[in-house]
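Understanding the architecture of this molecule
Residues per chain are reported as follows:
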Amino acid sequence: MIPLLRQRLRRDWLQLTLWILGAVLLAYAGYGGVTQSYSTVADRQEVLTAVMANPVILMFRGLPSDTSVGAFLAFEDLPWLAMLAALMSTFLAVRHTRGDEEAGRSELVAATSAGRTLPTVATIVHGLAANLVLALLTALALIAAGMDAGGSLLTGAAAGATGVAFLGIGLVAAQLMRTSRGANSLTVWVLVATFLLRGIGNVAGTPSDDLTRIESSWLVWLSPFGWAEQTRPYDADYPWPAVLALGFGLLLAAAATLLQSARDMGASFIAERNGRANATAALSSPHALVWRLSWGSVLGWTIGGALTGILATTLSSLAGQVAGENPAVAQILEKIARAGNLDEAVITVFFTMLGILAACAAVQTIVRARQEEAHGTAESVLAAAVGRVRWFADYAIVATCAVALVIAAAMATAYLGIAANGGASALYRVVTVTGLGQFVAASVFTAITALVFVVLPRATLGVGWALIGVASILGMFGPLFGMPEWATDLSPIAVTPVVSNGDVDLRGLWWLVAAVAVAGGGALTLMRRRELAADG
């Protein structure tokens with residue numbers, strides 16, 4: 001057991017450090033943001049009232065419990081702390097089970113005295129330890145910020161217990177699916193669905209008379225994120241929902257161990273779809289092969305972009321109505337967007353989220369190149385008349401196309417939303433400027449992840465997704481948490497061009513373009529001399 005744990009820690013130390021550090025920083029900065037931006041009870045009550053009046057905003061925030069600093073901090077931060085723990089845990093579970101099985105490492109370990117079951121047990125212990133560290137350090141960060149110890153420990157426990165629940169989900173997905181790619185996709189869809197289910201359960205709940213607390217509907221009990229929120233830290237302080245999440249994760253982990261013993265090495269309970277016997281003409285080039293491998297995920301991100309675009313313009317009138325009645329809402333939007341009037345601010349906020357979606361599409365495509373290399377399938381392509389630079393450039397091109405499709409879908413639906421709602425013609429310009437700006441921002445993630453792939457191939461997955469997580473926290477929450485402007489400006493999505501009171505503010509466009517040119521050019525140049533790193 002000990003050698004297996006040491007091996008996992010050696011492989012994961014950088015990724016786990018980034019995930020845990022992100023949670024700690026989010027917790028610590030959250031306290032400063034709440035105390036600076038919403039220093040009075042009246043300020044916090046205004047925000048909670050506005051959130052309850054807008055179901056869309058409530059969908060993506062936490063559970064209102066009270067107007068105290070601690071309860072408001074849990075409302076702001078807890079869903080995202082739980083999200084970081086869940087992502088960390090699912091990737092860890094799949095990487096050390098189905099991922100090792102695909103790479104052939106599990107078979108080598110099974111041939112020793114460790115057998116087939118011990119590696120899975122080691123993965124469970126490894127995941128539990130990672131979530132324990134995340135929970136404790138998150139709690140200590142909140143205590144160091146000045147929060148009550150009991151509520152802080154419960155906040156950390158709720159986030160860590162959610163991570164354990166998704167550790168179990170990832171372990172079961174690894175047994176069901178034939179590939180690590182399929183297992184990761186399944187866990188991400190479960191994560192998104194349960195996160196939205198939590199939001200729907202809160203929206204369908206019953207608000208208190210003073211609009212500072214919601215009693216959620218039964219739907220939240222179908223989601224681990226809902227269980228985390230039902231702990232209500234710094235208010236009721238219920239520990240048993242966190243215990244429920246912990247027990248759920250351990251139960252699924254035990255089920256995954258039993259499922260593994262009931263199947264052959266390399267097999268799965270959900271069979272992989274059979275491919276065509278003969279390739280079509282559309283697969284006659286390496287570029288076409290990359291597109292064939294990536295189109296499913298690109299389609300999913302593009303649909304997300306289309307939904308974001310339509311929400312950006314159709315909700316602007318609703319946000320304007322709420323903000324007109326409650327200046328605190330307008331202040332929140334203007335802090336995030338740093339744009340001019342309210343309509344411009346709403347579109348900028350939604351298109352900041354769009355930049356995150358586009359960056360995810362790009363990073364996932366570059367990570368796929370790493371997966372193909374680690375699994376040895378890239379070597380078969382390079383054995384033909386295909387150079388390594390041409391092979392990798394095809395992934396970079398498809399990643400750029402993915403970004404373009406996500407952005408284009410959002411811009412198209414945003415234009416339709418403006419036309420359908422009779423919006424001002426100036427909003428078309430706002431959509432165009434912010435959309436093209438986020439294309440450049442997402443391209444920064446493409447280029448930097450590509451450079452990491454070339455220089456530190458084994459860190460591609462962890463660093464690529466960690467960059468998006470850190471940039472999202474800085475860009476979306478930095479202004480709300482009172483972070484200095486130089487810190488929020490480190491996020492590419494936060495310094496893209498915007499329209500402010502009719503004028504175009506280019507902001508950080510030129511350094512974004514420079515970053516794309518330097519990182520992208522460096523990646524392609526260094527790829528000429530780089531050897532394959534097939535062992536993941």
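Higher on the page you've got the structure.
Parameters at a glance
Residues numbered from 1 in each chain as written. Predicted model: local features only at pLDDT ≥ 70, side-chain atom pairs only at ≥ 80, totals over all residues. Heavy atoms only, no water. Core = buried A, V, L, I, M, F, W, Y, C linked by side-chain atoms within 4.5 Å. Buried < 20%, exposed > 50% of the residue type's maximum accessible area, 1.4 Å probe, protein only. Helix = DSSP H or I, 4+ residues; strand = E, 2+ residues; numbered from the N terminus. Contact = heavy atoms within 4.5 Å. 1 Å grid on protein atoms, 1.4 Å probe; cavity = no way out; pocket = protein on both sides within 12 Å on 5 of 7 lines; lining within 4 Å. Points joined across faces, edges and corners; volume = space filled by probe spheres on them. Expected span 1.5 Å × (residues − 1). Arc of directions from axis to C-beta. Bend = angle between axes of the 7 residues up to and from the residue.

1. Looking at the nonpolar core
F225, F351, W391, F392, F453 and I468 are the most contacted members of the largest nonpolar core, which totals 102 residues. Counting residues per element, this core draws most heavily on helix α14 (residues 342-374), which supplies 15 residues. Discounting chain neighbours no more than four positions away, the residues touching F453 are I366, A369, R370, E373, W391, F392, T460, M527 and R530. Counting residues in each nonpolar core, the second largest holds six residues, with V444, V495, L509 and L512 among its members.

2. What about empty space enclosed by the protein?
In the structure shown here, the tally under the stated rule is five cavities of 30 Å³ or more. A volume near 80 Å³ is recorded for the largest cavity. If you trace the largest cavity, you find it lined by R8, H96, T97, E101, S106, A110, G115, R116, P119, T120, Q260 and M265. Those elements that provide at least two residues to the lining of the largest cavity are α4 (69-103), α5 (105-110) and α6 (117-145). If one sorts the elements of the lining of the largest cavity by residue count, α4 sits on top with three residues.

3. Concerning helix α10 (residues 240-261)
Between its terminal C-alpha atoms α10 stretches 32 Å, which fits the 32 Å expected from 22 residues at 1.5 Å a residue. Within α10, the full set of buried residues consists of P241, A242, A245, G249, L252, A253, A256, T257 and Q260. Burial along α10 is one-sided: seen end-on, the buried residues are contained in an arc of 165°. Across from the buried face of α10, at angles greater than 90 degrees, the exposed residues are V243, L251, L258 and S261. In the core, the buried residues of α10 are packed alongside α6, α7 (149-176) and α9 (224-229).

4. Points about helix α11 (residues 286-314)
The first and last C-alpha atoms of α11 sit 41 Å apart over 29 residues, in line with the 42 Å expected at 1.5 Å per residue. Within α11, the axis deviates most sharply at S294, by approximately 50°. Burial in α11 covers these residues: P286, A288, V290, S294, S297, V298, T302, G305, T308, G309, A312 and T313.

By themselves, these are just geometric observations and shouldn't be taken as functional.
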